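Summary of structural features
Each chain is listed here by its residues.
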Amino acid sequence: MTEGLNSLKITVLNDNEPGQGLRNDWGWSVVIESEKWKILFDADTRSDVIEYNTKKIGINVQDIDFAILSHGHLDHYGGFEYIGRMKRGLKVYLPENVGILETWGLETIVIEKPMEIVENVLSTGPLKAFSLREQALIIKGNGFNVLIVGCSHPGIDKIVERAFEMVGRIYLVIGGFHGPSKKQLDNISRFSDFISPAHCSGNGAKNYVRNKFNEKYLMVRTGSIIKIPF
Ligand SMILES: [Fe+2]
């Protein structure tokens, strides 16, 4: 019998929206903590932003157990240069090779298909957007499934649907939705209890979710801390 996770804490290290007292640029990076591990999901564009914000927020990079890269765009992997300096050999699970990560001292592991990385932590596996591959992260808790996305180039609704097929209803979906259509947002609302459009989602998507699905909308920005379950 497997033991589930009782709670999660998500800290937004950087989002496009600035946060008081923190550095900020265009990018996305969050740390997810449970009673069993700490995971870094994406690492923003700039090392100096990640260095400053981790120190200011009080996250010790040495405590990170492994990392996930959603896809090979600079606004998600740039800050791994600092992570590699601070924790050589840290494992980074990614959907296709990004050669520079190894030169920064990180160990890369390519995810080929949907899989469990450690107990209750799953990758959706790569979804395609033309030649780009992107994965998202699913955390299975006791009574809640959390889906963390990077930029959603393959379509946020496609990613949510895959996650739903893998684990069932989604408690919270958070991350960059890549300027989604209203139809895409309507689709994900059917599978998700809470929706947190961030990074490249755009104000149009944020306003649409806030107005149409107000009880589901969760606003985040650089420095936000989310404790789950609410
Ligand atoms: Fe992005």
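So, here is what we can say about the structure in this document. Keep in mind that what you see is a predicted model, and the values were worked out from it rather than measured.

Calculation notes
- Residues numbered from 1 in each chain as written.
- Predicted model: local features only at pLDDT ≥ 70, side-chain atom pairs only at ≥ 80, totals over all residues.
- Heavy atoms only, no water.
- Helix = DSSP H or I, 4+ residues; strand = E, 2+ residues; numbered from the N terminus.
- Rg over C-alpha atoms; globule rule 2.2 N^0.38 Å.
- Buried < 20%, exposed > 50% of the residue type's maximum accessible area, 1.4 Å probe, protein only.
- Areas by Shrake-Rupley, 256 points an atom, 1.4 Å probe, with all protein chains shown as cover.
- Lys, Arg positive; Asp, Glu negative; His and termini not counted.
- Charge placed at Lys NZ, Arg CZ, Asp CG, Glu CD.
- Arc of directions from axis to C-beta.
- Contact = heavy atoms within 4.5 Å.
- Core = buried A, V, L, I, M, F, W, Y, C linked by side-chain atoms within 4.5 Å.
- Donors = N, O, S within 2.8 Å, 3.2 Å for Na, K, Ca; no water.
- Axes fitted to C-alpha atoms, helices over the stretch in contact; angles between N-to-C directions.
- Parallel < 35°, antiparallel > 145°, perpendicular 65-115°, else oblique.
- Left-handed = near helix turned anticlockwise from the far one by under 90°.

A few points about the overall build of the protein chain
Helices and strands together make up the secondary structure of the protein chain, namely 7 helices and 15 strands. Its C-alpha radius of gyration of 16 Å places the protein chain within 12% of the 17 Å reference for a compact globule of 230 residues. Expressed as a percentage of the 230 residues in the protein chain, the buried residues total 58%. As displayed, the protein chain offers around 9600 Å² of accessible surface, 49% of which is attributable to carbon and sulfur atoms. Seen as two clouds, the 27 positive and the 27 negative side-chain charges of the protein chain have centres 3 Å apart.

Things to note about helix α1 (residues 47-57)
Think of an α-helix as turning once every 3.6 residues; residues three or four places apart then point the same way. Along α1, the residues classified as buried are S47, V49, I50, N53 and T54. One face of α1 carries all of its buried residues, which in axial projection span an arc of 160°. Where α1 is buried, its residues meet β1 (8-14), β2 (29-33) and α3 (80-86). Backbone geometry just downstream of α1 places G58 in the positive-phi region, at approximately 95°.

Examining the nonpolar core
Formed by 28 residues in total, the largest nonpolar core has its most connected members in L8, I32, L137, I139, V146, I148 and I228. Going through the elements one at a time, β1, β2, β3 (38-41), β4 (66-68), β11 (137-141), β12 (144-149), β13 (170-176) and β15 (225-228) are the ones with two or more residues in this core. Once residues within four sequence positions are removed from consideration, L137 is found in contact with I32, I39, F41, I68, V121, L122, V146, L147 and I148. Residues L127, L147, I188 and I195 belong to the second largest nonpolar core, which totals 22 residues.

With respect to helix α7 (residues 203-212)
For α7, the full list of buried residues reads A205, K206, Y208 and V209. Burial along α7 is one-sided: seen end-on, the buried residues are contained in an arc of 165°. Exposed residues lying more than 90 degrees from the buried face of α7 are N203, G204 and N211. As for α7, its buried residues are in contact with α6 (182-191) and β14 (192-198).

Description of the coordination of the iron ion
Distances from the iron ion to its protein donors, namely D75 (OD), H76 (NE2), C151 (SG) and H199 (NE2), fall within the range 2.1 to 2.3 Å. Counting gaps between the donor residues of the iron ion yields the pattern D-H-x74-C-x47-H. A residue pair is termed long-range when its members are at least 10 positions apart, and D75 in helix α2 (residues 74-77) and H199 in the loop between β14 and α7 qualify at 124 residues. Residue class for H199 comes out buried when judged on its relative accessible area of 4%.

As for the packing of helix α5 (residues 156-167) against α6
One way to put it is that α5 packs onto α6 with a least axis distance of 9 Å and a crossing angle of 15°. One way to sum up the angle between α5 and α6 is to call them roughly parallel. Where α5 crosses over α6, the two elements pack in a sense that is left-handed. Residue-level inspection shows I156, D157, V160, E161 and F164 of α5 in contact with α6, the latter providing Q184, N187, I188 and F191.

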